[in-house]
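# Coordinate analysis (summary)
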Amino acid sequence: MHSSDSRGFGNRLVRHSALCCGVLLAACSWADTQSTAAVRMPSACTVVEGKPTPENISTARALQSRIETSPLYAVPAAAPGASCRIHYQADGVVLLEYQFAHEASLHVKRDQAIEYTEQEARFNPGTQTPIAILQGAETAVFGEKGCGIEWGKPENKSSEAGGTETIFRGDVCNCQARFHRETGGMVGFRMTSAC
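Note that the structure is predicted; figures quoted are calculated from it, not measured. (Residues numbered from 1 in each chain as written. Predicted model: local features only at pLDDT ≥ 70, side-chain atom pairs only at ≥ 80, totals over all residues. Heavy atoms only, no water.)

## Some words on the side chain of Glu-138
Rules: Numbered from the N terminus, helices here are DSSP runs of H or I no shorter than four residues, and strands are runs of E no shorter than two. For the exposure calls, accessible area comes from a 1.4 Å probe over protein chains only, and a residue counts as buried if that area is under 20% of its type's maximum, exposed if over 50%, partly exposed in between. Positive charges are assigned to Lys and Arg, negative charges to Asp and Glu, while His and the chain termini are left out of the count. By salt bridge we mean one thing: a side-chain nitrogen of Lys or Arg within 4 Å of a carboxyl oxygen of Asp or Glu. Here a polar contact means two N or O atoms within 3.5 Å. Within protein one must be a hydrogen donor candidate and the other an acceptor candidate, and residues neighboring in sequence count only if both atoms are side-chain atoms. Note on contacts: a residue pair qualifies if any of its non-hydrogen atoms lie within 4.5 Å across the two residues.
As for its placement among the helices and strands, Glu-138 is situated in helix H4 (residues 130-142). Here Glu-138 sits buried without a salt bridge, and the closest side chain of opposite charge, Lys-145, lies 12 Å off (N-O distance). In terms of polar contacts, Glu-138 uses its side chain to reach the backbone amide nitrogen of Cys-147, at 2.7 Å. With near-sequence residues (within four places) excluded, Glu-138 lies in contact with Gly-143, Gly-146, Cys-147, Gly-148, Ile-149, Trp-151 and Met-191.

## Some details on the environment of Phe-168
Within the secondary structure layout, Phe-168 lies in strand E7 (residues 164-169). Put simply, Phe-168 and Arg-178 are 10 residues apart on the chain and 6.1 Å apart in space, counted from C-alpha to C-alpha. Ignoring sequence-local partners within four residues, the contact set of Phe-168 consists of Ile-131, Ile-149, Glu-150, Trp-151, Pro-154, Cys-175, Gln-176, Ala-177 and Phe-179.

## Examining the pairing of strand E5 (residues 116-123)
Basically, it comes down to this: When DSSP finds at least two bridges between two strands, those strands are taken to pair.
Across seven bridges, strand E4 (residues 105-111) lies against E5 in antiparallel orientation. Along E5, the bridge assignment pairs Lys-109 with Glu-118. In sequence, E4 turns back onto E5 through a hairpin of four residues, with Glu-115 there showing a positive phi of about 55°. Of the pairings in the sheet, the one linking E5 to strand E9 (residues 187-194) comprises eight bridges and is antiparallel in character. Of the residues in E9, the one forming a bridge with Glu-120 is Arg-190.

Below is the structure:
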């Protein structure tokens, strides 16, 4: 064997050995991930209360995946600096608290036992209308058909924060969406459903 052939063979052997080691490490890492996936916390949330069970971890993950596709999350999360805290309460209730830049927030409560979900957000919607944001939130949680909210039939009443609150009601899951304008361009949003 010529010295150039032996160097080429040695280089190929090193590359193949590195590739094999990488595949083995990835396989070991995947196996470890699979064995502990049921007890891992939802990503990017700090647990601040309670000891999670597999059931409420599952509830939290499902809740996060729906909420984080909603405009109630996406609009304020467009600015950097979002954080998330999670509370696992003793009665099985899961609370998610998101904090965003510019004093924006989103609080989500899920009580799996009575199938109740509540979302409360506060942020400046920019160029988007509050109704468009709430319509997007309805779709994120209930899919394309939504929960039957009558967007053309708003109710107006005095809000606790002062001013007027606009309320929309749906015919599925006792669904409600509402908003009220605050000072400084902030808007308070609230969506609830029980199903």
